Amino acid sequence: MTRIGVVGAGRVGAVLAVALRDRGHDIVSVAGESSASRTRIETLLPGVPVAKPTAVSRSCDLLLLTVPDDMLSNVVTMLSASGAIRAGQYVVHTSGKHGLAVLEPAADLGAQVLAMHPAMTFTGTDVDLDRLAGCVYGVTATLDTHELARTLVDDLGGSIAWVPEDRRTLYHAGLAHGANHLVTLVTQAMELLRASGAEDPAATLRPLLGAALDNALTYGSAALTGPIVRGDVETVRAHLADIATTAPDTVESYVVMARATANRAVLDGRLLPIRAAKLVGILNDALATAPKAPAQDTGTITGNRAAAGPGA
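Rules used in this analysis
Residues numbered from 1 in each chain as written. Predicted model: local features only at pLDDT ≥ 70, side-chain atom pairs only at ≥ 80, totals over all residues. Heavy atoms only, no water. Salt bridge = Lys/Arg side-chain N within 4 Å of Asp/Glu carboxyl O. Helix = DSSP H or I, 4+ residues; strand = E, 2+ residues; numbered from the N terminus. Buried < 20%, exposed > 50% of the residue type's maximum accessible area, 1.4 Å probe, protein only. Core = buried A, V, L, I, M, F, W, Y, C linked by side-chain atoms within 4.5 Å. Contact = heavy atoms within 4.5 Å.

1. With respect to the pattern of salt bridges
Within the structure shown, the criterion is met by 9 salt bridges. Note that Arg3 is salt-bridged to Asp26, the shortest N-O span being 3.9 Å. Taken together, the residues Arg3 in strand β1 (residues 3–7) and Asp26 in strand β2 (residues 26–31) connect sequence positions 23 residues apart. Using a relative accessible area of 35% as the deciding quantity, one classes Arg3 as partly exposed. With its nearest N and O atoms 3.2 Å apart, the salt bridge here joins Asp61 to Arg86. Here the residue Asp61 occupies a position in the loop between α3 (53–59) and β3 (62–65), and Arg86 occupies one in the loop between α4 (69–81) and β4 (90–93), the gap between them amounting to 25 residues. Residue Arg86 is classed as partly exposed on the basis of its relative accessible area of 33%.

Below is the structure:
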């Protein structure tokens, strides 16, 4: 049993803490300041003391840092400078972008450091616990923390993908592009279907997207189907016209993904370059002439200015 302290009771931290507690580890304290974090602690970790980050660090043998990427360096520096991290202590973070370099202030004090990122999307509820089974963790470790990584990932029911320090950002970019941008893509697709009259866009898309994802993961680019691969110029032209009228903010993403699809189809030998050139010309023209989407609220990015949203 390991005495674990958690700094950052966000969607990831609270869920991992529950999973590790269920495997017999002692969650001795947790830090979380937002109302959402406090609610997660009360719901998922009842009875676990809530403390300041420095107090959490001093109370544990393994410090789990689950704060946002852009905050991680400051948190590590602050805890190290305050004397809250000690020699022999394990310091583990769950950032996808960062490797071990961000933990250097802790390592300089003699702490054993580890980067362990779950390749999973989280809701911050107990629904996530079942999803952890089989989750892959992108791990960057020292020789001294390889065994710790194996133990923690095994306790979480996952498996390890070893990520070199200098490939950490690329690893994270692949996950973000595949998962985060997928949410935007699917949301836009549902909006188009809803505008077409579909009563349940999600039900319409679910079997199609499930099959497309399985095929893509199994066969890669060979799984491509649809009007771009077939070179159906007039179909693509009609798509763009209706999208420009109904959902102008979707034109740009349609064009960008369609161009990328055409390039892959040409490289695979499934689309003739002359046909691809005609498709790309139509796509470029549509982007140049697309009506500007109206700003919906103060959180919308318009032109080169990003309007500040809540908490900015």
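2. Side note on the nonpolar core
Leu64, Val92, Leu114, Met116, Tyr137, Val139 and Leu152 are the most contacted members of the largest nonpolar core, which totals 32 residues. Of all the secondary structure elements, the ones that give two or more residues to this core are β1, α1 (11–22), β2, α2 (35–44), β3, β5 (112–118), β6 (136–141) and α7 (146–155). For this core, the element with the most residues is α1, which contributes 7 residues. Excluding residues within four positions of it along the chain, Val92 makes contact with Leu62, Leu63, Leu64, Leu65, Leu114, Met116, Leu148 and Leu152. Listed in part, the 22 residues of the second largest apolar core include Ala31, Leu65, Val102 and Val113.

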